[in-house]
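# Coordinate analysis (summary)
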Amino acid sequence: MKYKNLMFDLDGTLTDPALGITNSIAYALRKMEIPVPPFEVLCRHIGPPLMQSLMYHYGLDENGGKKALELYREYFGDRGIFENAVYTGIPELLCEMKKQGRKIYMATSKPEPYAIRIAEHFGFAKYFDRIAGSTMTEERTKKADVIAYLAELEGFDPADSTLMIGDREHDVLGAKQHGAPCAAVLYGYGSREELAGAGAEYLVGTVAELRALLNADI
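Everything in this summary refers to the structure shown in the same document.

Looking now at the pattern of salt bridges. Two side chains carrying opposite charge are able to pair once their charged atoms lie near each other. The tally for this structure, following the rule as stated, stands at 14 salt bridges. One salt bridge in this structure joins Asp-171 and Lys-143, with 2.3 Å as the shortest N-O distance. Residue Asp-171 is located in helix 8 (residues 169-176), and its partner Lys-143 is located in helix 7 (residues 143-154); the two are separated by 28 residues in the primary sequence. For Arg-168, the salt bridge is made with Glu-194, and the minimal N-O distance between the two is 2.9 Å. In this pair, Arg-168 sits in the loop between strand 6 (162-166) and helix 8 while Glu-194 sits in helix 9 (residues 192-198), placing the two residues 26 residues apart along the sequence. Accessibility expressed as a relative area gives 11% for Arg-168, which makes it buried. Classification of Glu-194 by relative accessible area gives buried; the value is 16%. Taken together, the salt bridges that share partners define one network made up of Asp-9, Lys-143 and Asp-171.

Looking at Lys-143, the relative accessible area reads 5%, which means it is buried. If we ignore the near neighbours within four places in the chain, the residues touching Lys-143 are Asp-9, Ala-107, Thr-108, Ser-109, Met-164, His-170, Asp-171 and Gly-174.

With that settled, the discussion passes to the nonpolar core. The biggest cluster of nonpolar side chains holds 50 residues, and the ones touching the most others in it are Phe-8 and Leu-210. For this core, the element with the most residues is helix 1 (residues 18-31), which contributes six residues. Dropping the residues within four chain positions of it, Phe-8 is found in contact with Thr-13, Leu-14, Leu-93, Leu-94, Ile-104, Tyr-105, Met-106, Ala-107, Phe-128, Met-164, Ile-165 and Leu-210. Residues Ala-132, Val-146, Phe-156 and Met-164 belong to the second largest nonpolar core, which totals 18 residues.

Burial analysis of strand 5 (residues 130-134) places four of its five residues in the buried class, which makes it a mostly covered element. For strand 4 (residues 103-111) and strand 5, the ladder comprises four bridges, and the chain directions are parallel. Across the sheet, residue Pro-111 finds its bridge partner in strand 5, namely Ser-134. In this region the chain leaves strand 4, passes through helix 6 (residues 112-121) and returns to the parallel neighbour strand 5; the handedness of that crossover is right-handed.

In this section: unusual backbone geometry. Peptide bonds are, in most cases, trans, and in most cases residues other than glycine have a negative phi. Despite not being glycine, Glu-138 has its phi angle at roughly 65°, a positive value. Note that Glu-138 resides in the loop between strand 5 and helix 7. A positive phi is found at Arg-140, a non-glycine position, where the angle reads about 60°. Along the chain, Arg-140 falls in the loop between strand 5 and helix 7.

Calculation criteria
- Residues numbered from 1 in each chain as written.
- Predicted model: local features only at pLDDT ≥ 70, side-chain atom pairs only at ≥ 80, totals over all residues.
- Heavy atoms only, no water.
- Salt bridge = Lys/Arg side-chain N within 4 Å of Asp/Glu carboxyl O.
- Helix = DSSP H or I, 4+ residues; strand = E, 2+ residues; numbered from the N terminus.
- Buried < 20%, exposed > 50% of the residue type's maximum accessible area, 1.4 Å probe, protein only.
- Contact = heavy atoms within 4.5 Å.
- Core = buried A, V, L, I, M, F, W, Y, C linked by side-chain atoms within 4.5 Å.
- Pairing = 2+ DSSP bridges.
- Right-handed = clockwise from strand over helix to strand, strands pointing away.

Put into structure tokens, the structure is as follows:
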């Protein structure tokens, strides 16, 4: 087995969080009296570190970014967190990988407490050996930092027998910083051009294709 450690991103890889994230951002923008763009534009915030993304796209300084994030969490922590849906086939995939004896990890830029709540709510937390994310104080938001944190906690080398699975260039680039390959999923929120351009070793279009790729590694 080439990949004994599997690191999964959360948003756009395990679940489709679009409704909750976009509703939460729209709530924050309205509170700050910033025009709310259409849904498809708001979806650009799914994946990247959120505060930096809000600052960049709405011309906010650091104080403005912190305020936007605080307002975002007012909605997200209560309602938006569960305005979410698990992609069809993901629980079965995780179960199968676990039965094969692999270590299953989550490496997300979402705050770790939120990621744990989501995994527990949707019933797939039981498949993970560790769920790792950022902090509520916006530390460890870069994917490379999350991977480093996870690897230190679990005592493995990401460059050895480890595969990152995600849907944005941040997943690909974060894994590369640690010498790990990435299987990029096209059913999430990154385009083929984005993911191929970042240097993803594998591109898969569906959960079924991801499952076939991983099973070919047995």
